[in-house]
Amino acid sequence: MPHILISGAGRRFGLALVEHFVVQGYQVTAMTRESNLALQDLTHQFPAHINVIECIDYSPDSALQVLQDAGVKNVTVLINNASLFEADKDNQQDAQAQFMNMYKVHMALPATLSHWFAEQFNPAAFKEGVIINLTDIYADNPKPQHMYYSATKAGLENLTKSLAKQLAPAIRVNSIKPGAIKFLPEHSKGEQHAVLKNSLSGVEAGFAALLKTVDYILDNAFVSGTAITVDGGRSIVL
Ligand SMILES: NC(=O)C1=CN([C@@H]2O[C@H](COP(=O)(O)OP(=O)(O)OC[C@H]3O[C@@H](n4cnc5c(N)ncnc54)[C@H](OP(=O)(O)O)[C@@H]3O)[C@@H](O)[C@H]2O)C=CC1
Ligand SMILES: Nc1nc2c(c(=O)[nH]1)N=C([C@H](O)[C@@H](O)CO)CN2
């Protein structure tokens with residue numbers, strides 16, 4: 001049975017991924033900064049299928065230590081989902097710290113987890129390994145006032161292609177570029193309307209659209225080194 005490691009698993013799309021796979025009988029290791037009631041409830045419902053590991057700061061060294069301490073092994077799918085979405089800080093000192101944090105979560109952590117994944121993956125035991133990186137349409141066309149977010153997601157896009165070349169043929173590596181999939185609670189109705197006005201679909205798709213894309217990538221052994229855009233057509237309108 002596939003064993004899936006998901007980062008940023010505690011809420012929103014990460015939590016949707018955990019539920020999507022445990023109900024199918026997959027083994028899931030859910031990496032989160034801090035466990036919560038939602039993860040605990042899923043663990044109670046599917047005790048044999050979920051292993052929650054807490055990585056409080058998503059630093060590469062902490063992530064590796066947590067994986068080692070928990071004895072995580074035989075992972076066949078890695079989904080690099082953890083992310084922080086913030087507008088650029090005005091104060092230069094704060095902005096520098098913000099940039100480093102974005103790099104840590106969007107690039108250093110996925111690269112570290114991907115190399116850990118490749119080292120532990122056993123091609124003799126499993127048909128193939130799969131890595132899926134969650135990037136963003138803003139990787140190609142930066143969002144105003146989100147330079148650090150956009151740049152580090154672009155970096156993850158480039159890492160995806162390097163990893164696909166490095167890890168072939170045993171492991172396939174792809175990215176998903178969402179656009180305006182699911183608003184955050186802090187998005188006002190006005191902000192939501194402004195975003196949806198700039199997309200061909202005009203609707204907020206929700207995480208089901210991303211789950212379908214993850215399933216497509218897992219199901220198609222001829223897809224590697226590429227990005228799949230899921231944005232309701234927003235990227236050609238911007
Ligand atoms: N929602 C959308 O419309 C879009 C989403 N995306 C990308 O798709 C992926 C899933 O989106 P979504 O679920 O909305 O993302 P979230 O904003 O919920 O972030 C993903 C996960 O990252 C962790 N996280 C949140 N804030 C921080 C922080 N400040 N520092 C470190 N980790 C943090 C959380 O996991 P935990 O609490 O378990 O640690 C969270 O569940 C992300 O990579 C996102 O960038 C891209 C474009 C559009
Ligand atoms: N980590 C996140 N990244 C992004 C989110 C999110 O909710 N979390 N949302 C977007 C959307 O594009 C939205 O902000 C509309 O512009 C981008 N990235």
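Up top is the structure these notes are about.
Residues numbered from 1 in each chain as written. Chains lettered and ligands numbered in written order. Predicted model: local features only at pLDDT ≥ 70, side-chain atom pairs only at ≥ 80, totals over all residues. Heavy atoms only, no water.

1. Quick notes on the site of ligand 1
For clarity, the cut-off: Near, as used in this document, describes a residue that has one of its heavy atoms within 4 Å of the molecule or strand being considered. Pairs of N or O atoms are called polar contacts if they sit within 3.5 Å, as long as, within protein, a hydrogen donor faces a hydrogen acceptor (for residues adjacent in sequence, only side-chain-to-side-chain pairs). What sets the accessible areas is the Shrake-Rupley method with a 1.4 Å probe; for residues, cover comes only from the shown protein chains. Definitions used throughout: a 1 Å grid over protein atoms alone; a cavity as a set of points that fits a 1.4 Å probe which cannot get out; a pocket as an open set with protein on both sides within 12 Å along at least five of seven lines; a lining residue as one with an atom within 4 Å of a point. A molecule is said to be in a cavity or pocket once over half of its atoms fall within 2 Å of that pocket's grid points. Every helix listed is a DSSP run of H or I at least four residues long, and every strand listed is a run of E at least two residues long, numbered separately from the N terminus.
In the region of ligand 1, 23 residues are neighbours, and Gly10, Arg11, Thr32, Tyr58 and Ile181 sit closest. Between ligand 1 and Phe13, the relevant distance is 3.0 Å, taken from an oxygen atom to a main-chain nitrogen or oxygen of the residue. Here Asn81 contributes a backbone N or O atom positioned 2.9 Å from an oxygen atom of ligand 1. Protein contacts shield 87% of the accessible area of ligand 1, which totals 870 Å² for the unbound molecule. With respect to the detected pockets, ligand 1 is housed in the largest pocket. Secondary structure elements with two or more residues in the shell around ligand 1: helix H1 (12-22) and helix H5 (147-167).

2. Here we look at the site of ligand 2
The test is simple: Residue polarity follows a fixed list, in which Ala, Val, Leu, Ile, Met, Phe, Trp, Tyr, Cys and Pro are nonpolar, Asp, Glu, Lys and Arg are charged, and the others, Gly among them, are polar.
By nearness alone, 13 residues border ligand 2, and Arg12, Ser83, Phe85, Tyr138 and Tyr149 come closest of all. At a separation of 3.5 Å, an oxygen atom of ligand 2 approaches a polar backbone atom of Ala180. The fraction of the free accessible surface of ligand 2 (400 Å²) that becomes covered by protein chains is 85%. According to the grid-proximity analysis, the pocket containing ligand 2 is the largest pocket. Taken together, the residues that form the shell around ligand 2 break down as six nonpolar, two polar and five charged.

3. So, the nonpolar core
Applied cut-off: In this description, a nonpolar core means a group of buried Ala, Val, Leu, Ile, Met, Phe, Trp, Tyr and Cys residues linked to one another through side-chain atoms lying within 4.5 Å. For every residue, the accessible area obtained with a 1.4 Å probe (protein chains only) is divided by the maximum for its type, and the residue is called buried under 20%, exposed over 50%, and partly exposed between those limits. In what follows, residue pairs with any heavy atoms lying within 4.5 Å of each other are defined as contacts.
With 31 residues, the main nonpolar core has Leu5, Met31, Leu67 and Phe117 as its most contacted residues. Of all elements in the fold, only helix H3 (60-69), helix H4 (92-120), H5 and strand E6 (171-178) reach the threshold of two or more residues within this core. Element by element, the count of residues in this core is highest for H4, at seven residues. Those residues in contact with Met31 that lie beyond four places of it in its chain are Leu5, Ile6, Ser7, Gly8, Ala9, Ile53, Cys55, Tyr58, Ala63, Leu67 and Leu113. Judged by nonpolar contacts, the second largest core, of 30 residues, contains Phe13, Phe21, Leu42 and Leu210.

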